[in-house]
Amino acid sequence: MELRQLKYFLAVADARSFVSAAEELYISRQAISKSISHLEHELGVELFMRNSSGAFLTPAGIMFYDRIRSNVIELDQIRSEMQRYGTRYHQHIRLVFSVGLGQIYEQSILSFQSNQENIELEYAECTEEHCVPFLMEHKADYALCVKQPQDPVFSSELLLKSRYGVVIREQSNLSGLEELTLEDLSWLPLAALNDIRTAEICKSHGLGIKYTGFDLHRLITLAQDGHCALMLPERLIPANIPGLLWLPLTDMAEWTVWLVHLQTLENNVLYHTAFEELQSKIFGSSQ
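Report follows, based on the coordinates. (Residues numbered from 1 in each chain as written. Predicted model: local features only at pLDDT ≥ 70, side-chain atom pairs only at ≥ 80, totals over all residues. Heavy atoms only, no water.)

### What to know about helix α2 (residues 18–25)
Thinking step 1. Within the span of α2, buried status applies to F18, A21 and A22. With its buried residues spanning 100° around the axis, α2 presents them on a single face. Of the exposed residues in α2, the ones pointing more than 90 degrees away from its buried face are E23 and E24.
Thinking step 2. In this structure, the buried side of α2 is in contact with α1 (3–15), α3 (29–43), β1 (48–51) and β2 (54–57).
Thinking step 3. Capping of α2 at its N-terminal end is provided by S17; its side-chain oxygen lies 3.2 Å from the backbone amide nitrogen of V19.
Thinking step 4. Phi turns positive, to about 60°, at Y26, one or two residues after α2. (Buried < 20%, exposed > 50% of the residue type's maximum accessible area, 1.4 Å probe, protein only. Helix = DSSP H or I, 4+ residues; strand = E, 2+ residues; numbered from the N terminus. Arc of directions from axis to C-beta. Contact = heavy atoms within 4.5 Å. Polar contact = N/O pair within 3.5 Å; in protein donor to acceptor, adjacent residues only side chain to side chain.)

### Focus: a nonpolar patch on the surface
Thinking step 1. On the surface, M1, L43 and V45 cluster together to form a nonpolar patch covering roughly 230 Å² of accessible area.
Thinking step 2. With respect to the helices and strands, the residue M1 is situated in the segment before α1.
Thinking step 3. By relative accessible area, which is 49% here, M1 ends up partly exposed. (Patch = residues over 30% accessible without salt bridge, like charges linked within 9 Å, V, L, I, M, F, W, Y side chains within 5 Å. Areas by Shrake-Rupley, 256 points an atom, 1.4 Å probe, with all protein chains shown as cover. Salt bridge = Lys/Arg side-chain N within 4 Å of Asp/Glu carboxyl O.)

### Some thoughts on the pairing of strand β5 (residues 142–145)
Note on strand geometry: in a regular strand, side chains alternate between the two faces of the sheet.
Thinking step 1. Taking every second residue as pointing to the same face, both faces of β5 are buried, with Y142 and L144 on one and A143 and C145 on the other.
Thinking step 2. Pairing geometry for strand β3 (residues 91–98) and β5, over three bridges, is parallel. The residue bridging V96 from the neighbouring strand is A143, located in β5.
Thinking step 3. Across three bridges, the pairing between β5 and strand β12 (residues 255–262) is antiparallel. Bridge assignment links C145 to a residue of β12, and that residue is W258. (Pairing = 2+ DSSP bridges.)

### Describing the nonpolar core
Thinking step 1. Core analysis: the biggest nonpolar cluster contains 59 residues, and Y105, L144, L185, L230, W255 and F283 have the highest contact counts within it.
Thinking step 2. Contact partners of L144, with chain neighbours within four places excluded, come to V96, F97, S98, L101, Y105, C131, L159, V257, W258, L259 and F283.
Thinking step 3. A11, A22, I36 and V72 belong to the second-largest nonpolar core, a separate cluster that totals 20 residues. (Core = buried A, V, L, I, M, F, W, Y, C linked by side-chain atoms within 4.5 Å.)

### Some points on unusual backbone geometry
Thinking step 1. If you check the backbone angles, R16 has positive phi at about 55° while not being a glycine.
Thinking step 2. With a relative accessible area of 54%, R16 lands in the exposed category.
Thinking step 3. Although it is not a glycine, Y26 adopts a positive phi angle of roughly 60°.
Thinking step 4. Mapped onto the secondary structure, Y26 falls in the loop between α2 and α3.

### A look at the sheet that holds strand β4 (residues 119–126)
Thinking step 1. If you walk across this open sheet you meet the five strands as β4-β3-β5-β12-β6, and the pairing is mixed. Two strands in the sheet have a free side with no partner beyond their single neighbour: β4 and β6 (154–162). This sheet shows a mean twist of 20° between the axes of neighbouring strands, independent of strand direction.
Thinking step 2. Helix α5 (residues 102–114) rests against β3, β4, β5, β6 and β12 of the sheet, and its axis sits at about 165° to β4.
Thinking step 3. Across the face of the sheet, helix α6 (residues 128–136) comes into contact with β3, β4, β5, β6 and β12 while running at roughly 160° to β5. (Axes fitted to C-alpha atoms, helices over the stretch in contact; angles between N-to-C directions.)

By themselves, these figures tell us nothing about what the structure is for.
Structure (structure tokens):
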């Protein structure tokens, strides 16, 4: 019994005609009649009553129709889905970045994706507090966070470190310094990316943040216009920011980026193999 025979059977049953079914399937009437005859012989029953008015299901044919119709439709859907994967494995990996991290990896991702046939990447940016819930809810496979989760169900790997500092106007009173301390910022209006780490730092040192947001370009523009100083890790500073200086903060711990995923993912060989490629060609280039 072949899937092709079953599809021919369903077509004749629905059309109540060998001729109409043949036209619908773009095959000859003789071919579909021969296929149905072979199926009837294999099953040992007559499936159709044939006369000049058409073809009508026998009681055995009605039972057979009811049993196989949903299975044939499902098999067709499975075949269509499998064909989308091609001859090689096709892995869909979802990445989520904490605010600001996307710009570090985007060019590497786009370059990697353009040369891949078997890995499809989907990536998005969100606030730090949403990264881990995305993993827990299986909305993402890997997350890049500035804080390392302490929950043992997660695995994490340190990807990069960077010094914290402040972006100020070149004409600022602080522009003659080579470095700053947190105490130097106590009187400055500050801007920062909207993430947990920066908020915790400012709260613990009594610093007030006047401007926050997810749009780094907007925050840099505010600093260029002299409205504020921008607290920013060195790794996130764009290549060209005319009129601005970046001064390191000496009394702050380094800004870190962690790659996080659920430990259960390590048991999935397919994901692990695909991720080895990502690790070497995307995340490895960010050191």
